[in-house]
Amino acid sequence: MKKILVLLVLFLKVIAASSQYRTDTSYTVKSTYTKLIDKYPFITIAKAKKNPNVDQVTDVVYNQQKNRDLHFDAFLNTNKKLNPAVILIHGGGWRSGNKNQMQEMAQEIASKGYSCFAIEYRLSLEAKYPEGIYDVKNAIRFIKDNAKKFRVDPDKIAVLGCSSGGQMAALIGTTNGNSAFEDAANTSKSSSKVNAIIDIDGILAFKHPESKEGEMAAFWLKGTYEENPENWNNASALSHADKNTPPVLFINSSFERFHAGRDDMIVLLNQHKIYSDVKTIENSPHSFWFFQPWFDAMIGYTTQFLDKIFK
């Protein structure tokens, strides 16, 4: 009887923890595949090649937020004691998606000599802008705090994101050292500074002639542009790009709306002689990173850029 009561208490604790926040499960690899297969009948869901030199550690707790833990999955190349690190941020319109969607990419990049981390962060049903930015920066600081354990060179950190995750990656990289984008409650002595940005089909400006952001952006940014222009501007990486911005790789689909502000940002980077590169996956849909034949090309562009910057 006592054992049953203990199990019941544990079960109730799990239910209580999971009910603290709502989730949106609409953006998945399978649902995206279903939407795309008629137009692109040749696609297959990408699978990373298993590599004996990559250790996987899942659901590492990096922070606690309001009675629940935030986690990341680590994929660590074991050939060297310290590797450059890649922080991976999933997409889903700031509202949906999860860290599992970045595992194939993380595993494949790790096999090329990197330590990769697929990050869980709070989405807009649970926390509005800029809380998710705080989460990822907190994860970066935690990883630096434990650099040796995770085989990380703390001076060689890249942040990579897809779609809304790409927007976040660009914002995180362009706000290096900006206290307004740091979690004041975090006591780590490590910096959240990153040394490279990889933006995969993420916008650089929310309010821009090429941008078509609407309800999902407004939900995350606490109002429409007319209601909250300050957030729309401050959440745009283009507003922060300056001489301190690290090198940037833009990997884009053929849909212009998903690289709104990119060309303007490149002009600013060129003015400061900061390296950037653009790779376009021709005739591809948004969310191309989930699927072959585009997955291999994306991994190739990513690792070529990382090798150039870090190796």
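Residues numbered from 1 in each chain as written. Predicted model: local features only at pLDDT ≥ 70, side-chain atom pairs only at ≥ 80, totals over all residues. Heavy atoms only, no water.

The next point concerns the side chain of Ser211. For Ser211, the position within the fold is in the loop between strand 7 (196-200) and helix 6 (215-220). Within the local environment of Ser211, its side chain forms a polar contact with the backbone oxygen of Phe206, the two atoms lying 2.9 Å apart. Setting aside chain neighbours within four positions, we find Ser211 in contact with Ile203, Ala205, Phe206 and Ala260. (Helix = DSSP H or I, 4+ residues; strand = E, 2+ residues; numbered from the N terminus. Polar contact = N/O pair within 3.5 Å; in protein donor to acceptor, adjacent residues only side chain to side chain. Contact = heavy atoms within 4.5 Å.)

Here we come to the confidence of the model for the chain. Across the chain, the average pLDDT comes to 93, with 94% of residues at 70 or higher. Predicted confidence for residues 1-19 stays below pLDDT 50, and this span has 1 contact to residues more than four positions away or in other chains. (pLDDT = per-residue confidence, 0-100.)

In this section: the pattern of salt bridges. Tallied over the full model, the rule gives 14 salt bridges. Lys99 is paired through a salt bridge with Asp59; the nearest N and O atoms lie 2.8 Å apart. Highlighted residues: Lys99 in the loop between strand 4 (83-89) and helix 3 (103-110) and Asp59 in strand 2 (residues 54-65), separated in sequence by 40 residues. Exposure remark for Lys99: the relative accessible area of 9% places this residue in the buried category. Lys279 is the salt-bridge partner of Asp277, the closest N and O atoms lying 3.6 Å from each other. Asp277 gets classed as partly exposed once you look at its relative accessible area, which sits at 24%. Residue Lys279 is classed as partly exposed on the basis of its relative accessible area, which comes to 25%. Each of Asp59, Asp73 and Lys99 takes part in one network of salt bridges that share partners. (Salt bridge = Lys/Arg side-chain N within 4 Å of Asp/Glu carboxyl O. Buried < 20%, exposed > 50% of the residue type's maximum accessible area, 1.4 Å probe, protein only.)

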